[in-house]
Amino acid sequence: METKFNPSAIEQALYQSWEEKGYFKPSGQGDSYSIMIPPPNVTGSLHMGHAFQDTIMDTLIRYKRMQGNNTLWQVGTDHAGIATQMVVERKLAAEEDKTRHDLGRDAFIDRIWDWKKESGGTITKQLRRLGASVDWDRERFTMDEGLSEAVKEVFVRLHKEDLIYRGKRLVNWDPKLHTAISDLEVENKDKKGSMWNLRYPLADGVKTQDGKDYIVVATTRPETMLGDTGVAVNPEDERYQDLIGKDIILPIVNRRISIVADEHADMEKGTGCVKITPAHDFNDNEVGKRHQLPMINIFDKDAAILSQGESYDFTGKAIELDAPIPERLHGLDRFAARKAIIAEFEEAGLLEEIEDHSLTVPYGDRSGVVIEPLLTDQWYVRVAPLAEPAVQAVKDGEIQFVPKQYENMYFSWMNDVQDWCISRQLWWGHRIPAWYDENGQVYVGRDEAEVRAENQLADDVKLTQDEDVLDTWFSSALWTFSTLGWPEQTPDLKTFHPTDVLVTGFDIIFFWVARMIMMTMHFNKDENGKAQVPFKTVYVTGLIRDENGDKMSKSKGNVLDPIDMIDGIDLESLVEKRCGNMMQPQLAKKIEKNTRKAFEAGIEAHGTDALRFTLAAMASTGRDINWDMNRLEGYRNFCNKLWNASRYVLMNTQDQDCGYGDNQDFEYSLADRWILGQFENTVKTFTDHLDNYRFDLAANTAYEFTWNQFCDWYLELTKPVLNSGTEAQQRATRYTLITVLEKLLRLMHPLIPYITDAIWKNVAPLTGVNQDTIMLQAFPTFDANKVDEAAMADLDWVKQFILGIRNIRGEMDISPNKPLNTFIKNASAEDKRRLTENQGFLQGLAKLESITVLNEGDEAPVSSAALVGEMSILIPMAGLIDVEAELARIDKNIEKIAKDLARVEGKLKNDNFVSKAPAAVIDKEKAKLAEMQTAISKLEEQKSTIKAL
RNA sequence: GGACGCUUAGCUCAGUUGGGAGAGCAUCGCCCUUACAAGGCGAGGGUCACUGGUUCGAGCCCAGUAGCGUCCA
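Residues numbered from 1 in each chain as written. Chains lettered and ligands numbered in written order. Predicted model: local features only at pLDDT ≥ 70, side-chain atom pairs only at ≥ 80, totals over all residues. Heavy atoms only, no water.

## Concerning the overall build of chain A
- The secondary structure content of chain A amounts to 31 helices and 31 strands.
- The C-alpha radius of gyration computed for chain A amounts to 37 Å, which surpasses the reference 30 Å derived for 949 residues by more than 25%, pointing to a less compact arrangement than a globule.
- Scored against the burial criterion, the 949 residues of chain A give a buried share of 54%.
- Surface exposure of chain A reaches about 42600 Å², of which carbon and sulfur atoms provide 46%.
- Averaging the coordinates of the 111 positive side-chain charges in chain A and doing the same for the 151 negative ones gives two points 3 Å apart. (Helix = DSSP H or I, 4+ residues; strand = E, 2+ residues; numbered from the N terminus. Rg over C-alpha atoms; globule rule 2.2 N^0.38 Å. Buried < 20%, exposed > 50% of the residue type's maximum accessible area, 1.4 Å probe, protein only. Areas by Shrake-Rupley, 256 points an atom, 1.4 Å probe, with all protein chains shown as cover. Lys, Arg positive; Asp, Glu negative; His and termini not counted. Charge placed at Lys NZ, Arg CZ, Asp CG, Glu CD.)

In structure tokens:
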């Protein structure tokens, strides 16, 4: 083995071999354990957040696989409607200067499939590099035939049950992408803008209480006044009591509208009068429904002004209501129209005031343009009936969120859930299985033939399919069961559903998790007819942010590619990667500057295992996780430490008798017995943490044992034995070395699969195991019989002894190479036993020339002393230690202890404490006090001895 | 405006039922000792945001304040 761990030399070959040999497939043995990967967007590539979640999933799957479960990790991708369509449209524009309309729907969709074939492999390559043990043969895509069947089936059934309906409703319209989007795809941003106060003239000579012939309404979107169908005042508002029911002549269009009383009008805000535009504002829409006001749409699909308003009654039915718009405004974009309308108000003396105003503006998360509420025909899922059992399942604990706090987030959204707009005006996606005849009558069915048959439509009735497609989340809501073959009742569905755990970020609890629970429970029942949940546990991860705590995003240019953490990348390539092919090229300079500053020397290679270990170690319960390159480096060093420790073990065990042969003559050292027990305790703690989804604590446990116990102490303690022990002693130590290392590798394999398998291949044969891979070996189990408490206590004493000497060496600048003569004072019978038994360890690790036990009354040379309980270890100062320095060292120690002592003393003098605290606590404090008193008196004694010189 | 979360060492973060403040990185000192300088040994460093309450005892429980963040309106 090389002296440095080189991940690139082992990783890809190992993965290939695991995959080829089919190790990732369900074994078909044992209890099933399944995880469905949250399907990443096929257009994209995995970012650090994916790497984080995938590491956790792989750790769980490998852990359960080693525990003997029949494990399935289902992999796949999502067709990502808008995102994918946009990517291919942009490519088409750049390379051929064509739009999708030039190609036509079918040809365009063919292009998307071509593109997917070409670049859809990015994600699967990345997943392989991360070591993900997914069953590739079952890889699925939301647009696959099988999944498309499931989507159709669900749509048709929900429609039959009246849980899907079509209606003219106000939706969030993206005027750039020409599609409706759901509430969740809207990003609300705080902006500074203006509030325009407009005068609306009263009709029929009516006057306000203060004698004016107009009222004033305030608006942030003046252009929508063209579609006003009322003005609301608060019913309690005394100022306007006598105006309720009176009319207004709407300026510019000269349409007559009424004043209604509605609580939506806030008396405190502005003048207390609110213009009502039911076709262009969600709140106004509600007001309109309450007062049965008509709706007038004034925008086309680009959000430009129509030449004639389109009128509907409050239910969305078209009505004959003349809503002319002056020709000078026709075709104006909404923002141009805003300017023009303000100018006209001003000219007419109807502009009362413009105030600065901060407001929340909705933006499309994909297009980045301002969303316009627009009346359109859309398909909706009636969510309330589906939500009820979905809420109950979480309340009953059938589904548990980890950490639990996220249940609140789920409940708060579910309790106020809106109907879900599922139609999208796109070409890429699952086409809605609905057909229209020439009268606009709609028929829903699995295909056209079924529609004709079910509705007795003659062959000459012309039917056309709905042009729209379904929201991508509609198909991903079916993910846990559609991937297993539903609607067929397949054996896979029976075996692996419900799945065990869903690993995801809190940002998609609404988008995905909630909808998955609703859909799954509605369509999947167990043999008793009880609704089946999609998963038993939802493990919610935090979001990975950059080193400044900012969200990683392409437009900020602070995204990190997990592959760059693994392989490293030079600065120029990183700059190119971040600045090339941007949607907003003007940001490139700034991003380049920030990148050059943050990664002066590029990024070094760290390997997959270090990346995975880092991600696991950062998986605490918080909502934000700030990425830290320093930690990655630290854990790379950890991998190197493990590598070198293994080299040491192998050097001392290969081609030697490790006790796995016939000769069973063993004589274990204290260190052997101690490390065996320490390891068992580590297994227990590590397993508990994994079972509780505390990957951070599990990683710390593994790190602490490996570095601070196994390497720092145990390996050092084997050296005296291997150098000068008897054959039986050496055999026992070799046995312990190789056994503990082999088990440790198995323990850590789920976290760091590559390095553990690579080392294990060398280690296992020495324990008599000749198999191909660690990943199919049993996970270590805790064995209480191997925990030797006496050995633990004895070794603790040995450590304290050695630490005492090292502390004096360190503080007094005595070279670690200088052998020391020591004297022992006040040794108890037990101390003497421990001294005798462990002389080799003490001399070896503390580098001692001699240890002389002083009897009562023996003269000791003037020395510096270290304490182990009552016993003192003396190092003669002559020629080594300066008197002043030693006095200072003693004072420092006394001072430190005295501070603590005072506190404990105070506690014990407090009658309240002594009478009310539990006896165990008091005893502990008393013992502590005694110990500190002894220590101080010994130190004082030492001091006076030295001073007496 | 409403809801939730966060504030612990220079940095990134742990801290289980309330009972002696921890880790990694960074810093300082000494060491190229035959597993490892991506290392070894030793050391320093905290008013646990602030104020008050409950308690014998609070980083932890309760109330309030400030700052930051996320979601919703």
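## Examining the nonpolar core
- If you look at the biggest cluster of nonpolar residues, it comprises 145 residues, and the most contacted ones within it are Trp 627, Phe 710 and Phe 801.
- Sort the elements by how many residues they give to this core and helix 23 (residues 695-724) lands first, with 13 residues.
- Once you skip the residues sitting within four places of it in the chain, Phe 801 turns out to touch Ile 824, Leu 835, Leu 842, Leu 848, Val 868, Met 871 and Ile 873.
- Core analysis: the next-biggest nonpolar cluster, separate from the first, contains 65 residues, Ala 390, Trp 413, Met 518 and Met 519 among them. (Core = buried A, V, L, I, M, F, W, Y, C linked by side-chain atoms within 4.5 Å. Contact = heavy atoms within 4.5 Å.)

## Here we look at helix 18 (residues 571-579)
- Residues Leu 571, Leu 574, Val 575, Arg 578 and Cys 579 constitute the buried set of helix 18. Buried residues of helix 18, seen end-on, are gathered within an arc of 115 degrees and therefore sit on one face of the element.
- For helix 18, the elements touching its buried residues are helix 17 (562-567) and helix 19 (588-598).
- Capping the start of helix 18, Asp 570 holds a side-chain oxygen 3.1 Å from the backbone nitrogen of Glu 572, two or three residues further along. (Arc of directions from axis to C-beta. Polar contact = N/O pair within 3.5 Å; in protein donor to acceptor, adjacent residues only side chain to side chain.)

## A word on the UniProt feature "coiled-coil region" (unreviewed entry) in chain A
- Under the feature "coiled-coil region" (unreviewed entry), the UniProt entry names residues 880-949.
- Measuring from the first to the last C-alpha atom of residues 880-949 gives 16 Å, for a span that is 89% helix and 0% strand. (UniProt positions renumbered as here; feature names shortened; annotations may be inferred.)

## Remarks on the protein's contact with RNA strand B
- Around RNA strand B, the structure places 45 residues, and the nearest of them are Ser 620, Arg 647, Trp 707, Lys 916 and Lys 928.
- A breakdown of the atoms of RNA strand B within 4 Å of the protein gives sugar and phosphate a share of 61%.
- Where the surface near RNA strand B is concerned, the elements lending two or more residues are helix 21 (629-653), helix 23, helix 26 (789-811), helix 29 (883-909), helix 30 (911-916) and helix 31 (919-947).
- Residue contributions to the surface near RNA strand B peak at 11 residues, all from helix 21. (Near = heavy atom within 4 Å.)

## Quick word on the sheet that holds strand 31 (residues 871-876)
- Taken together, the 4 strands give an open sheet; going across it, the order is 29-28-31-30, and neighbouring strands pair in mixed fashion. Strands at the two margins of the open sheet, each flanked by one partner only, are strand 29 (848-853) and strand 30 (863-868). Averaged over all pairs of adjacent strands, the angle between their axes in this sheet comes to 25 degrees, without regard to strand direction.
- Bridge count for strand 28 (residues 820-825) against strand 29 is 5 bridges, and the pairing is parallel. In the strand pairing of strand 29, Phe 823 is matched with Thr 852.
- In the packing of helix 26 onto the sheet, the strands contacted are strand 28, strand 29, strand 30 and strand 31, and the crossing angle to strand 30 comes to about 150 degrees. (Pairing = 2+ DSSP bridges. Axes fitted to C-alpha atoms, helices over the stretch in contact; angles between N-to-C directions.)

## A word on the environment of Lys 551
- Within the secondary structure, Lys 551 sits in the loop between strand 26 (543-545) and helix 17.
- Between the C-alpha atoms of Lys 551 and Ile 625, which are 74 residues apart in sequence, the distance is 9.9 Å.
- If we ignore the near neighbours within four places in the chain, the residues touching Lys 551 are Arg 545, Lys 556 and Asn 558.

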